[in-house]
Amino acid sequence: MWNLSSRVHRLNHFPDAGVNCFVKRDDELGCGISGSKLRKYASLFPYLIEQGIQHLIIIAGPQSNNLLAALQLAREFQLKVTAFLIEPWKLELQGNYKLSRLFLEEHEIVWVSRDQWQNVNELAHTHLLTLKEPGFVLQEGASVPEAMSGAISLANDIMINEQTLGFSFQHIFIDSGTGFSASALIKGLTQLNHRAQVYVVLLAENELIFRNKLTQWLGFIPQNFICLYPTTARAFGSVNQTIKNEVKRMAREEGILADPIYAAKLFYEARKYINTHQLKGNALIIHSGGTLTMPGFSYQ
Ligand SMILES: *Cc1c(COP(=O)(O)O)cnc(C)c1O
C-alpha cells in the first residue's frame, strides 16, 4: 500500500572535479504529499488505525505541506479532523491553504493567534479531552514517535539504491524543518553501519534545538552528521533573488522542480558546500518534495 522506493540519478551541472553528485527523487513518491511526509505517514497511519483513532487533531500552519498531507490521509481513512492553525498575518486563499481547504470545512479550523501559539499543544490536548471518539494530536510536521519507523525507510531505500548503482555515497545532504526526517536518516544509517557523512541544512531552527531533539527522538547523539545553516534567505520561508535563480537553474540545468522553501535552498547550499570544501567521492542530495507550493511564488 505504501511505495517507499524512489530513484537516484546523476545531476548534470553540479561540481564534477573529484565528486559525483546525485539526487534522490523522494519528490516523486507522492503527488500531493511530499516524500518525507509520506514516509512518516507510512508507519503513523497504520498505527492510528490499529489504535482505533477516529479523530485527528492537526497542528500546523495554513500553508504547510504537512497540513495538506495529513488532510489527504485523514479523508482517505475517514477520520474526523480538527485543524489548529496559526493565524497568519494575512489570510489568503492561495498556495497550499487553497488546496487544503478542499479537504477542510471552516468549522473544522481553530485559529490560534501568534501570541497563543506557544500553548498550541496544550490547547490541542484540551480539545482532545472533549472529543466523543478516540483522537490523536498530530504535532507540527507529523514529528511524532510513531512516524519514526516510516521515516527510517529513507536510509534503507538509499542502501537499495546503492546496490542498484554498484557504489555507495560518502556524503548525503538533507533539508530539515522540524529535523525529524534528518534524525531518522542519521539513525537509520547508523543502524545499518553506513559510513556516509550526513549534512543537515537547518532551515527552521538552530543546532542546539536539533541536538536536543536527537536526544529526545533517538536517545543518543550520533557522530555521523554535521549541521549547516542557509547562507542566503536565512529565515524559514523567506525567498530572495538568489533562491529564485536557484529554482530557475534547477529547472533549466537539471530538469527538476525545486520549491523555494526547502529544495532550492538545499540544492543551493549543497552545491556551495561541495565546492568550497572540495568534497571527494559520491554525494547524494535528498529532494524531499514540496513541489505544490511552487505556483505560489514569482520567479522573475
Ligand atoms: C516537511 C518537509 C521537510 C522537513 O521535514 P522535517 O522532518 O520536519 O525536518 C522537508 N522538505 C519538505 C518538502 C517537507 O514537506
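These numbers come from a predicted model, not from an experiment. (Residues numbered from 1 in each chain as written. Predicted model: local features only at pLDDT ≥ 70, side-chain atom pairs only at ≥ 80, totals over all residues. Heavy atoms only, no water.)

**Q** Would you take a moment to explain the nonpolar core for this structure?
**A** As a rule of thumb, soluble globular proteins bury nonpolar side chains together. Formed by 60 residues in total, the largest nonpolar core has its most connected members in Tyr-41, Leu-56, Ile-58, Leu-138, Ile-172, Leu-185 and Phe-210. The residues that make up this core include at least three from each of domain 1 (8–32 + 146–296) and domain 2 (38–143). Beyond its immediate stretch of four places on either side in the chain, Leu-56 contacts Phe-45, Leu-48, Ala-70, Ala-74, Leu-79, Lys-80, Val-81, Thr-82, Phe-136 and Leu-138. Counting residues in hydrophobic clusters, the runner-up holds 31 residues, among them Leu-11, Ala-233, Ile-261 and Tyr-268. (Core = buried A, V, L, I, M, F, W, Y, C linked by side-chain atoms within 4.5 Å. Buried < 20%, exposed > 50% of the residue type's maximum accessible area, 1.4 Å probe, protein only. Domains from an automatic or database assignment. Contact = heavy atoms within 4.5 Å.)

**Q** I tried to follow the site of the ligand on my own but got confused; where do I start?
**A** Around the ligand sit 16 residues, and of these Lys-37, Gly-177, Thr-178, Ser-181 and Ser-288 come closest. Taking Lys-40, its side chain carries an N or O atom lying 2.8 Å from an oxygen atom of the ligand. Within the backbone of Gly-179, one N or O atom sits 2.9 Å away from an oxygen atom of the ligand. For the ligand, whose accessible area on its own is 380 Å², the fraction buried by protein is 98%. When contributions to the shell around the ligand are tallied by element, the ones reaching two or more residues are α1 (35–50), β7 (171–176) and α7 (180–191). The element that contributes the greatest number of residues to the shell around the ligand is α1, accounting for three residues. Classifying every residue of the shell around the ligand gives two nonpolar, 11 polar and three charged. (Near = heavy atom within 4 Å. Polar contact = N/O pair within 3.5 Å; in protein donor to acceptor, adjacent residues only side chain to side chain. Areas by Shrake-Rupley, 256 points an atom, 1.4 Å probe, with all protein chains shown as cover. Helix = DSSP H or I, 4+ residues; strand = E, 2+ residues; numbered from the N terminus. Nonpolar A, V, L, I, M, F, W, Y, C, P; charged D, E, K, R; others polar.)

**Q** Any chance you could explain unusual backbone geometry here in plain terms?
**A** Of note, Ala-142 is a non-glycine position whose phi angle comes to about 55 degrees, a positive value. With respect to the helices, strands and loops of the structure, Ala-142 is situated in the loop between β6 (135–138) and α5 (148–151). Among the residues examined, Ala-142 registers a relative accessible area of 0% and is labelled buried. Of note in this structure, Ala-233 is not a glycine but carries a positive phi near 40 degrees. Looking at where Ala-233 falls in the secondary structure, it is placed in the loop between β9 (225–228) and α9 (241–254). Take Ala-233: its relative accessible area is 12%, and that puts it in the buried class.

**Q** I'm lost on helix α8 (residues 207–218) in this one. Help?
**A** Note that an α-helix has 3.6 residues per turn; residues three or four places apart therefore point the same way. For α8, spanning 12 residues, the distance from its first C-alpha to its last is 16 Å, which sits close to the expected 16 Å at 1.5 Å a residue. Listing the buried residues of α8 in full gives Phe-210, Lys-213, Leu-214, Trp-217 and Leu-218. Axial view of α8: buried residues confined to an arc of 110 degrees, hence all on one face. Exposed and facing more than 90 degrees away from the buried side of α8 are Leu-208 and Gln-216. Looking at the buried side of α8, the elements it contacts are α5, α7, β8 (197–202) and β9. (Expected span 1.5 Å × (residues − 1). Arc of directions from axis to C-beta.)

**Q** Whenever I open this one, the environment of Val-8 confuses me. Can you help?
**A** In this fold, Val-8 is placed in strand β1 (residues 8–10). For Val-8, a relative accessible area of 13% puts it in the buried group. If we ignore the near neighbours within four places in the chain, the residues touching Val-8 are Phe-22, Val-23, Lys-24, Asn-161, Leu-165, Phe-169 and Leu-284.

**Q** What is the right way to read the sheet that holds strand β10 (residues 281–287) from this model?
**A** Read from one edge of the open sheet, six strands run β1-β2-β10-β7-β8-β9, paired in mixed fashion. At either end of the open sheet lies a strand with only one pairing partner, and these are β1 and β9. Each adjacent strand pair in this sheet contributes to an overall mean axis angle of 25 degrees, direction not counted. In this structure, β1 lies alongside strand β2 (residues 19–25), joined through three bridges in antiparallel fashion. Bridging across to β2, Val-8 finds its partner in Lys-24. (Pairing = 2+ DSSP bridges. Axes fitted to C-alpha atoms, helices over the stretch in contact; angles between N-to-C directions.)

**Q** What's the story with the pairing of strand β3 (residues 55–60) in this structure? I'm lost.
**A** Across a regular strand the side chains alternate sides, sitting on one face of the sheet and then on the other. In terms of burial, β3 is largely enclosed, as six of its six residues are buried. With six bridges joining them, β3 and strand β4 (residues 80–86) adopt parallel strand pairing. Paired with His-55 across the strands is Lys-80, a residue of β4. Once the chain exits β3 it traverses helix α2 (residues 65–76) before rejoining the sheet at β4, and the crossover so formed is right-handed. Here β3 runs beside β6; their pairing, made up of four bridges, is parallel. Across the sheet, the residue bridging to Ile-58 is Leu-138, located in β6. (Right-handed = clockwise from strand over helix to strand, strands pointing away.)

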